[in-house]
Structures are given as C-alpha cells and as structure tokens.
Amino acid sequence: MKKILLMGNPNVGKSVFFNRLTGANVIESNYPGTTVDYAKGYMKVSSELYIGPCSKCAEREENTEDFEIIDVPGTFSLEPKDKAEEIAVKMLEGEKGALVICVIDASKMERGLYLCLEIIERGYPVVLALNMWDVAEDKNMQIDVEKLKSVLNIPVVPTIAISGKGFKEVVLSIKKAASVGVNEIMEKVGEIK
Amino acid sequence: MEKKLSEMNYEEEGRVKSIEQDLKNKVAGMGIRVGKNLKMITKHPLKGPMVVEVDGSHTSLALSVAGRIIMEVKR
C-alpha cells in the first residue's frame, strides 16, 4: 500500500489534518509537541470526485486506491535537534517511496517553506497545504497561490483544517504530485528577482 | 551597536548580523537567518531558554544557541 506522510512545523495542524483525512481521533491540542510519537490511519483516494448515488460504481472502485497515512511529529528541519524531530526524520528516511503532504502555517510561510523545500530536495513527491488560511487572512497577508504553484511545480492548496476547507482539493491533488528537482525551483526563483 | 542575541534586553529589537557557520542550518528552520529582524520577548531564569519574535511568531532558543548569534541593535 502506498504511504502518505503528513509533515510540517510543530503546531500547524497536522493532527487535525490526520483526523479529517482518516476519520481517526488522535489527540489534538493547541501546543507544539502534542504529537511526539506517530499515528497511522487509512484512506481511499481517487483522482476524480464522485458525488451522489453510485451510478458508476465499478469505475469508482477502479479509480480508487488505498493509502496509509502517517501523522509525523512536527519538525523545523530535517536536521533533528531533539527526540521528536529525530523520529520525524527517521520516518521520512524509512519511507523512500512515500508521498508527503507538507502542512504549513500560511501565516508563517518562511519557516514552513524551508522544511518543505528540504523534503522536495530529498526527492519526495509533495503536496503543499497552506493551512490556517483564515489566520493569514486575518493578518491581512496576501499569498499568491498560483505563483507558488508555478515556482514549486507542485500542487498547492489553501486549507483550514478545523473547518475542512480545501480538503477535497488536497485529496484530489494527491495523484498529481511528483518529484521536482530543486535546481528547477532555484532557476524560477532567480527569474522572480 | 553589536551584541549577542543572548545579551539583548526585554522588548529590544535588532537585525541578525551573523550566525556561526555550523549553527546556520539549525536555526534557519525556525526562520532565523542573517538580515532578519528579531525582537527579544523574554528570558527564562537559571540560564533557561529565551523567547524571540520572528515574523510575528514566537520561538524559543537555548541561551547557548542565542550566544552564537550576533545582532545589530539600534543606538
């Protein structure tokens, strides 16, 4: 079964994300470091959205794939500074074929993108979730999602984990994620200046 | 004026001037890099960690780590 790792800085909402995606009920709190171990869950992913009565049941079944989702402890970088971060990095390194949903706090983009780029650099396919989108809006931050998409060349989705906004898109993006070369990203970043 | 981050006073603001080479990657994940503006929020007693504001969010640093970051402080 393919695996999806949920990674991101501490206290950005990974566990809320996990609970929403899997229907599980792991402990969430508003403190960094709530998840020091990991939790596993399962979900079905399809590349298309099926709504309403099951008129295309067979097709739906065919296009659906089971994924194992792993809620990883928060980390600031892939150079571990403590036990929880060490677990996070080991889990990533142990799952070479996994896809990563990088959850970042949209109001603290810089440090989130730092981790995200480190994960991309190691060759993992990444979906970037800009979580706490409402908080960024409250702070009057303007984030150009389309530009981020074109520079990083990965799916980028604004989300609000506690309300469920953006989750449909995150799930539909999973099959679109692919590894990207960091050099390509650096070239595009160079063009912006 | 130049001083170590660990020597900053409460509410004092400054710009990161230099970071010891082997520390650079460690603190970059917390959003601390050369050129960034930091504000000292609080220091914990008994040589405990200090809390600084970076990009509108608080992050804590061991005092020994803060001692290896050089700041440019106004006045």
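Residues numbered from 1 in each chain as written. Chains lettered and ligands numbered in written order. Predicted model: local features only at pLDDT ≥ 70, side-chain atom pairs only at ≥ 80, totals over all residues.

A.B. asks: Would you mind going over the overall build of chain A with me for this structure?
C.D. replies: Along the backbone of chain A there are eight helices and six strands. Computed over C-alpha atoms, the radius of gyration of chain A comes to 16 Å, within 12% of the 16 Å expected from 2.2 N^0.38 for 193 residues, which places it in the range of a compact globule. Viewed in the frame of its principal axes, chain A has a C-alpha envelope of about 50 × 40 × 35 Å. Here chain A holds 193 residues, and 35% of them are scored as buried. By sequence separation, contacts in chain A at least 24 residues apart represent 69% of the contacts at least 6 residues apart. (Helix = DSSP H or I, 4+ residues; strand = E, 2+ residues; numbered from the N terminus. Rg over C-alpha atoms; globule rule 2.2 N^0.38 Å. Buried ≥ 20, exposed ≤ 12 C-beta atoms within 10 Å, placed from the backbone. Contact = placed C-beta atoms within 7 Å.)

A.B. asks: Help me out: how do you make sense of the overall build of chain B in this one?
C.D. replies: Within chain B one finds two helices and six strands. Each helix (α) and strand (β) of chain B, taken in turn from the N terminus, gives the series β-β-α-β-β-β-α-β. At 11 Å, chain B has a C-alpha radius of gyration in line with the 11 Å of a compact globule built from 75 residues. Along the first, second and third principal axes, the C-alpha atoms of chain B reach 25 × 25 × 20 Å. Relative to its 75 residues, chain B shows a buried fraction of 28%.

A.B. asks: Help me understand the interface of chain B and chain A, please; the structure alone is not making it clear to me.
C.D. replies: Accessible area lost when the parts come together is the quantity often used to give the size of an interface. At the junction of the two partners, chain B supplies eight residues and chain A supplies nine residues. If one sorts the elements of the side of chain B that touches chain A by residue count, helix α1 (residues 24–28) of chain B sits on top with three residues. In terms of residue class, the side of chain B that touches chain A is made up of two nonpolar, four polar and two charged. (Nonpolar A, V, L, I, M, F, W, Y, C, P; charged D, E, K, R; others polar.)

A.B. asks: Just to check I follow, could you spell out the sheet that holds strand β1 (residues 2–4) of chain B for this structure?
C.D. replies: Neighbouring strands of a sheet are bound in pairs by backbone hydrogen bonds; such pairs are parallel or else antiparallel. Residues and elements named next belong to chain B. Taken together, the six strands give an open sheet; going across it, the order is β1-β6-β2-β3-β4-β5, and neighbouring strands pair in antiparallel fashion. Only two strands of the sheet have a single partner each, and these edge strands are β1 and β5 (57–61). Put simply, the sheet's adjacent strands are angled 45° from each other on average, direction ignored. (Pairing = 2+ DSSP bridges. Axes fitted to C-alpha atoms, helices over the stretch in contact; angles between N-to-C directions.)

A.B. asks: How should I be thinking about the environment of G31(B) in this particular structure?
C.D. replies: On the secondary structure map, G31(B) appears in the loop between α1 and β3 (37–43). Distance in space between the C-alpha atoms of G31(B) and D55(B) is 7.7 Å, their sequence separation being 24 residues. Excluding residues within four positions of it along the chain, G31(B) makes contact with E110(A), R111(A), K36(B), V54(B) and D55(B).

A.B. asks: Teacher, can you tell me more about the nonpolar core here?
C.D. replies: In summary, soluble globular proteins display a tendency toward joint burial of nonpolar side chains. All names here are of chain A. With 60 residues, the main nonpolar core has L6, I101, C102, V126, V127, L128 and A129 as its most contacted residues. Top element by residues in this core is strand β4 (residues 99–105). It accounts for six residues. When residues no more than four places from it in sequence are discounted, the contact partners of C102 are M7, G8, L115, C116, I119, V126, L128 and A129. (Core = buried A, V, L, I, M, F, W, Y, C linked by C-beta atoms within 7 Å.)

A.B. asks: I tried to follow the environment of M50(B) on my own but got confused; where do I start?
C.D. replies: All names here are of chain B. Considering the arrangement of structural elements, one finds M50 in strand β4 (residues 50–54). When the C-alpha atoms of M50 and A62 are compared, they prove to be 6.4 Å apart, with 12 residues separating the residues in sequence. Ignoring any residue separated from it by four or fewer positions in sequence, one finds M50 in contact with S6, M40, T42, K43, H44, S60, L61, L63 and A66.

A.B. asks: Would you explain the sheet that holds strand β1 (residues 2–8) of chain A in this entry?
C.D. replies: All names here are of chain A. With respect to topology, six strands assemble into an open sheet ordered β2-β3-β1-β4-β5-β6, the strand pairing being mixed. Bordering the open sheet on either side are β2 (39–46) and β6 (156–158), each of which pairs with just one other strand. The sheet shows a mean angle of 25° between the axes of neighbouring strands, direction not considered. Both β1 and β4 contribute to a ladder of five bridges, which runs parallel. Counterpart to L5 in the pairing with β4 is V100.

A.B. asks: Looking at this model, I keep getting lost on the pairing of β4(A). Mind explaining?
C.D. replies: Within a regular strand, side chains alternate between the sheet's two faces. Residue and element names in this part refer to chain A. When you tally the buried positions in β4, you get seven out of seven residues, the bulk of the element. On β4, burial covers both faces: L99, I101, V103 and D105 on one face and V100, C102 and I104 on the other are all buried. Relative to strand β5 (residues 126–131), β4 is paired through six bridges, and the arrangement is parallel. Paired with D105 across the bridge in β5 is N131. Traced from β4 through helix α4 (residues 109–121) to β5, the parallel crossover comes out right-handed. (Right-handed = clockwise from strand over helix to strand, strands pointing away.)

A.B. asks: Quick question: what am I supposed to make of the confidence of the model for chain B here?
C.D. replies: For any part of a model where pLDDT is low, the fine detail of the predicted coordinates should not be relied upon. Residue and element names in this part refer to chain B. Per-chain confidence: chain B averages 90 in pLDDT, with 99% of residues scoring 70 or above. When pLDDT is averaged over each helix and strand of chain B, the minimum, 85, is found for α1 and the maximum, 93, for β4. For this predicted complex, the interface confidence score (ipTM) comes to 0.74, while the overall pTM stands at 0.83. (pLDDT = per-residue confidence, 0-100.)

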